[in-house]
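Examining the three-dimensional arrangement
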Amino acid sequence: MSENTITFEIDGVEVQGTAGQTIMQAADVAGIYIPRLCAFDGLEPFGSCRVCTVKVNGRFQSACTQPIAEGIIVENDSEELLELRRNLVDMLFVEGNHFCMFCEKSGNCELQALAYRLGIAAPKYPYMFPADRNVDATHKDVFIDHNRCILCARCVRASRDLDGKNVFQFVGRGPQKRIAVNSRARLVDTDLNVTDKAVEVCPVGAILTKHVGYSIPVGKRKYDHTPIGADIEANKK
Amino acid sequence: MTKEQENIMAKPKIATTSLAGCFGCHMSILDIDDRILELVELVDFDKSPINDIKEFTGECLVGLVEGGCANEENVRVLQDFRKHCKILISVGDCAINGGLPAMRNTISLQECLDEAYLNGPSTQNTSGKIPNDPEIPLLLDKVYPCHEVVKVDYHLPGCPPPADTIWEALVALLTNKPLDLPYELIKYD
């Protein structure tokens, strides 16, 4: 063990990480899955979706932004936190227009998979059916459907930090907050390319590649048989 | 046998209906295949499109509702189901979140009617009027999930829910056992 090793506890299990890691990073290595939506391996932590909320020494913290520290007691898989995550996912479902039955992303969607994992049969909140969400299909290879956007900012961060392009950013505040396209109004006017990381990282069906819809049959999609997080749990020793 | 004994001996009753749905969920019910023979051992069917009984003949243990509420008739039928069924189950995405019919929820009702009867590219309506016969149920302002209209006890998502999901849920309810569906059987598509 180097002097950088930090020992702490998640749900009563001793976990070791290295200084500078977040709780989520250390948990991933240890094979403990902390649910998440806005966090993505290789992107700066953003801490907006709060789905990864854990309790650190009794206080709520987002596991994707909170660094590990010696001896902290982290609570992850408790009924209280599961209920909180269920509520957050519920709210994301009713806040947008999520029609899983015809969405191309269905079966590969992280929001949907999280709802499956959390055991949500129906949201407890009333559906809002917002009427102000448009679809921008001007680009020849990519379209963005704002009905399904959950404002996780993965595309914003990936375009800025990985693609070096700044194609996407947020405009507006509060309920009016939207993903917008850099400087101009239409996707076709940007330098977005279909191979950009910003296209790949969308957890839901908001940013999709054209011409390849429904290419994977039902039963063979990512989350048809395997719950989200199972890949991380496979790291468990 | 006294009337009371008959009541105790009688099989529980089940009712089904399709509101603003496509009957796909009913197809999925039929998709339990020969297990339907086991089902009729467990229950009697009351009001249902499967046996074409139009009105409730009495109290039911389970009501399966497909489809959401798009018009006033849907609401009346749903309220009738709530009144007659001890346990009400929303079956499928339309009952749970409005489903495809709820796509109109982002468009005003007037615009929908204008597009359908007046301005649509394939519309041929020489009267220039939107149908308004008292026989036609009035449309609601938007399509509502069932649990936003009455209390719903359970939800079986899916478009449609797999036959195995419906079967497992019904058998668990009827035999008073806890329902523990495997991961594969709860899906939204």
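A quick note: this is a predicted structure, and the numbers were derived from the prediction, not measured.

Our next topic: the overall build of chain A. Across its full length, chain A holds 6 helices and 10 strands. In terms of overall size, chain A behaves like a compact globule, its C-alpha atoms giving a radius of gyration of 19 Å where 237 residues would be expected to give roughly 18 Å. Overall, chain A is about 55 × 40 × 35 Å in size when its C-alpha atoms are taken along their principal axes. Relative to its full complement of 237 residues, chain A shows a buried share of 40%. Summarising the internal contacts of chain A: among those between residues at least 6 apart in sequence, 67% fall at separations of at least 24.

Across its full length, chain B holds 7 helices and 7 strands. In chain B, the succession of α and β elements from N to C terminus is α-β-α-α-β-β-β-α-β-α-α-β-β-α. Principal-axis analysis of the C-alpha atoms gives chain B an extent of 65 × 40 × 30 Å. When the 189 residues of chain B are sorted by exposure, 36% land in the buried category.

Counting from both sides, the interface comprises 16 residues of chain A and, opposite them, 23 residues of chain B. Each residue belonging to the side of chain A that touches chain B can be placed in one class, and the counts come to 11 nonpolar, 5 polar and no charged.

The sheet built from 3 strands is open, its strands ordered β6-β7-β10 (chain A) with antiparallel pairing. Strand pairing shows two members of the sheet lacking a second neighbour, β6 (135–136) and β10 (207–209) of chain A, which therefore form its edges.

This paragraph deals with the nonpolar core. Residues and elements named next belong to chain A. Ranked by size, the top nonpolar core spans 62 residues in total, and within it Ala 27, Leu 111 and Cys 155 carry the most contacts. Of the residues forming this core, the biggest block, 5 residues, is contributed by helix α3 (residues 110–118). The residue makeup of this core includes at least three contributed by each of domain 1 (5–77) and domain 2 (86–209).

Residues and elements named next belong to chain A. Spatially, β2-β1-β5-β3-β4 is the arrangement adopted by the 5 strands of the open sheet, whose pairing is mixed. The open sheet is flanked by β2 (13–18) and β4 (59–62), the only strands paired with a single partner. The sheet shows a mean angle of 40 degrees between the axes of neighbouring strands, direction not considered. With 4 bridges connecting them, strand β3 (residues 53–56) and β4 associate as antiparallel partners. When the sheet's bridge partners are listed, Lys 55 is paired in β4 with Phe 60.

Bringing the environment of Arg173(A) into the picture now. Residues and elements named next belong to chain A. Along the chain, Arg 173 falls in the loop between β8 (168–171) and β9 (178–181). For Arg 173, a count of 7 C-beta atoms within 10 Å translates into the label exposed. In this structure the C-alpha to C-alpha distance between Arg 173 and Gly 20, which are 153 residues apart in sequence, comes to 32 Å.

Right, let's talk about the domain arrangement of chain A for a bit. Residues and elements named next belong to chain A. Partitioning chain A into structural domains gives domain 1 (5–77) and domain 2 (86–209). Between domain 1 and domain 2, the C-alpha centre-to-centre distance is 25 Å. Each partner contributes residues to the interface: domain 1 has 11 residues there, and domain 2 has 15 residues. Looking at the side of domain 1 that touches domain 2 residue by residue, the class counts come to 8 nonpolar, 1 polar and 2 charged.

Rules used in this analysis
Residues numbered from 1 in each chain as written. Chains lettered and ligands numbered in written order. Predicted model: local features only at pLDDT ≥ 70, side-chain atom pairs only at ≥ 80, totals over all residues. Helix = DSSP H or I, 4+ residues; strand = E, 2+ residues; numbered from the N terminus. Rg over C-alpha atoms; globule rule 2.2 N^0.38 Å. Buried ≥ 20, exposed ≤ 12 C-beta atoms within 10 Å, placed from the backbone. Contact = placed C-beta atoms within 7 Å. Nonpolar A, V, L, I, M, F, W, Y, C, P; charged D, E, K, R; others polar. Pairing = 2+ DSSP bridges. Core = buried A, V, L, I, M, F, W, Y, C linked by C-beta atoms within 7 Å. Domains from an automatic or database assignment. Axes fitted to C-alpha atoms, helices over the stretch in contact; angles between N-to-C directions.

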